[in-house]
Amino acid sequence: MSTLATCIASTNRELVMKLQSRLLLLFALVFSVSISSDSTLSASKFNQPIQVLIQGEDPEKLRQVLQDLGGLITHELPIVSGVGGIIEATELASLADIKGVDRVTEDFNPPKLPETRDCLLSGDLQIQLTPKSLRWRVFNFDKSTRNIKWLRATWPSVLGEATLSITPELSRSPAMRGINVTSGAQSNLDFMIPPGPSLVDIQFSASPESLSQNDFQISLGLDDCEAKLIPAYSGRGQDFYFQKESGTTLLTQAGLTGSGIGVAIIDSGLWDIPALTHNALGELRIATHYNAIRDQIDLNLRDEGGHGSHMASIIANSQRVANRDPAQFQGLAPNAVLIPVTAISPRGDGDFMDIIRGIQWVTNNQAHFNIRVLNLSLTATPRSEYWADPMNQAVMEAWKAGITVVVAAGNDGPDWGTIGSPGNNPYVITVGAFTDSWTPGDRRDDYIPNFSSRGPTPEGFIKPDFVAPGGHISGLIPPDSTLAIENPNYFLTSGEFVSTGSSQAAAVVSGLIALLLEIKPELSNDDVKCLLLTSAQPALSRSGKLAYSPFIQGAGRVNASRALTLGNTDCEQKRLNVSGALAGTERLYGPAEQLEDGTPSLPNMPSMVEEETPALGMSVDRRWGVAAHLERLDPATEPPQKPKVPFDWAAVYRDEQQKLNRLKASPSK
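Note that the structure is a prediction, hence the values are computed from the model and not measured.

Trainee: Quick rundown of the sheet that holds strand 14 (residues 226-228)? Include the residues and the values.
Mentor: One open sheet holds the four strands; their spatial order is 11-8-13-14, and the pairing between them is antiparallel. At either end of the open sheet lies a strand with only one pairing partner, and these are strand 11 (186-193) and strand 14. Neighbour-to-neighbour, the strand axes of this sheet turn through a mean angle of 25 degrees, independent of strand direction.

Printed below as a string of structure tokens:
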């Protein structure tokens, strides 16, 4: 076990078992145990039908209650001892007082509105280099014409002088042609660009074809923002970085493909395309499709939103990577069995009772489809303690059944306490995101972006559990899906769609777990979580302190090959009792404390974590993993850590090397 994992485990051991001892007042909680007068008045004011979940010991009694109120029963949810239905808002207040109704939860997932853009002008992720020019398509996502004020571009001097043209593609608006531009200088444009795509064309004196996208820098400016050309991978559309950065490449090179491991994905559906519906052997690998919104098996695959297909392609895309021997694939576990469960609308919002119904179906059908992993790349704002939240209750039932539940941390950082539900659950695996800054193999610029949600949870737990690749992840989505229509500039020329978030990071972890379970099917879900926690690589500063708080990085970055070689199946997770949590006898609080300024902390945290905010991008101070930290130090002049830092990284390094040497000597063990 790493020193960081040991330190966190010992802290948890002292505080985590204090049942009902205190409510950590880090964040405001909205309890749905009883409906507050404010929410009742608000609902009554509009006097409209609302959806509620009522829970109690007698399901027949619950159904009768809804019928007596003139309600419509919509969901039968024995997994949480509940019945869902639609009632008039005026009846809401009376529900909580009816005998036999233990809990009332009003639907708390309003329709999701389109996300606002940082800038209404944005460009394609890729440029096209021709013998004469550089071409970059940009989009005006406004409904009105916008004024491009300036362009700033930098290119290698070998290309010489350049001229700029901008041509709208979908309107009769005149083009701007033949403007002289100078490398490194800002050129004033004052050009009106209509809604939709336009082609930016820079003509050079020499051919740029021998160069790559990373040799150029381009920015187009509006009054209030700018569109910037981002970096790119040299092998986009073929060799995706998240395999290497998650430590799965060594496993797939050894022939692991996730064969026979069932992975359920509760999301927006699945695109009916061979790379997703068939495994690497060309065999159909969709066990079934359950539509939790309609509560029926539906063998017609579709994904109007696109999000579910993106998750599935990260986990199990069976397309081969060209020129790789042995064979490599674009998904992590190309022979895994996929069980898509549709519970999310094309807009990306979901009815929480549909999601619970999906979890219930997965749990009920676990044995039939060998479902070992459940991917939940979704999140909601916690409204109560985890043990009282119906969605959390459902994921705990799935965990109790032996399913490894993987949940996204959320994309609401960098504020503290932004871990969503059910990622706030201490029993399941919660995943945050890191990015490699488009430089695979160079970890010096790998960082945790601001969007990745931070802990602690409202009950004071350290979350996320660890971080995984989640920046600019390539995958497959239907070209007519909501994601595709709203973000046409996120497609690569090879057809893959690029997206970023903790959703993608969770899918990476689900895929690598399928590989672990293929080689070691005897592992329990607690074993899997322990292996990943105890082998994660924390980000360390030169002083030996943690570069990120455990509330940001958890135990560090996940690594599948390290989990198999250096992971330990015995960790604090084994001391948790999910059956007790479901029975109401284990209600846990974590070790987090609140400082006077409102920030979260842990016992002895100042000696553990650097005070300065880590750099976004290249860092001369941050290194990922103990080996990388120690190997950059001069042992003659620099100790592994400053005095009073509570980590012995040198001892951790020695232990890891000894274990690796034993494995080399006895590879079968």
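Here the narrative resumes.
Trainee: Let's hear about the nonpolar core: which residues, and what values?
Mentor: Counting residues in hydrophobic clusters, the biggest one holds 101 residues, and the most contacted among them are I266, I359, V405, V509, I513 and L532. Top contributing element to this core by residue count: helix 13 (residues 502-519), with eleven residues. Excluding residues within four positions of it along the chain, L532 makes contact with I429, F466, V509, L512, I513, L516, V558 and A563. Counting 29 residues, the second-largest nonpolar core is a separate cluster that includes I127, W136, I218 and L229.

Trainee: Could you give me a rundown of the pattern of salt bridges, with the residues and numbers involved?
Mentor: In the structure shown here, the tally under the stated rule is 20 salt bridges. A salt bridge links D354 to R357, with the nearest nitrogen and oxygen atoms 3.4 Å apart. Separated by three residues within a single helix, D354 and R357 lie in helix 9 (residues 352-364), roughly one turn from each other. There is no split in this pair, since D354 and R357 are both buried. The residue D465 makes a salt bridge to K529 at a minimum N-O spacing of 3.8 Å. Linking D465 in the loop between strand 21 (429-434) and strand 22 (466-469) with K529 in helix 14 (residues 525-535), this pair joins segments that are 64 residues apart in sequence. Residue classification places D465 among the buried residues on the basis of a relative accessible area of 8%. Owing to a relative accessible area of 2%, K529 belongs among the buried residues under this scheme.

Trainee: If you had to explain the side chain of S187 to someone new, which residues and values would you point to?
Mentor: Positionally, S187 belongs in strand 11. Residue contacts for S187: discarding those within four places in its chain leaves K149, W150, L151, N180, V181 and T182.

Trainee: Can you break down helix 14 residue by residue, with the values?
Mentor: Along an α-helix, a turn takes 3.6 residues, which lines up residues three or four apart on a common side. Across the eleven residues of helix 14, eleven count as buried, placing the element largely inside the fold. Turning to helix 14, its buried residues number three or more, namely N525, D526, D527, V528, K529, C530, L531, L532, L533, T534 and S535.

Trainee: Can you lay out the packing of aromatic side chains for me, pointing to particular residues and giving the numbers?
Mentor: What the rule picks out here adds up to 16 aromatic pairs. Through successive ring pairs, a cluster of aromatic residues spans Y386, W387, Y427, F461 and Y589. Lying over the aromatic face of F141, R117 brings its terminal NZ or CZ to 3.6 Å of the ring centre. Taking NZ or CZ as reference, R557 lies 5.2 Å from the ring centre of W624, over its face.

About the cut-offs
- Residues numbered from 1 in each chain as written.
- Predicted model: local features only at pLDDT ≥ 70, side-chain atom pairs only at ≥ 80, totals over all residues.
- Heavy atoms only, no water.
- Pairing = 2+ DSSP bridges.
- Helix = DSSP H or I, 4+ residues; strand = E, 2+ residues; numbered from the N terminus.
- Axes fitted to C-alpha atoms, helices over the stretch in contact; angles between N-to-C directions.
- Core = buried A, V, L, I, M, F, W, Y, C linked by side-chain atoms within 4.5 Å.
- Buried < 20%, exposed > 50% of the residue type's maximum accessible area, 1.4 Å probe, protein only.
- Contact = heavy atoms within 4.5 Å.
- Salt bridge = Lys/Arg side-chain N within 4 Å of Asp/Glu carboxyl O.
- Phe/Tyr/Trp six-rings, centres within 6.5 Å; stacked < 30°, edge-to-face > 60°.
- Lys NZ or Arg CZ within 6 Å of the ring centre and 35° of its normal.

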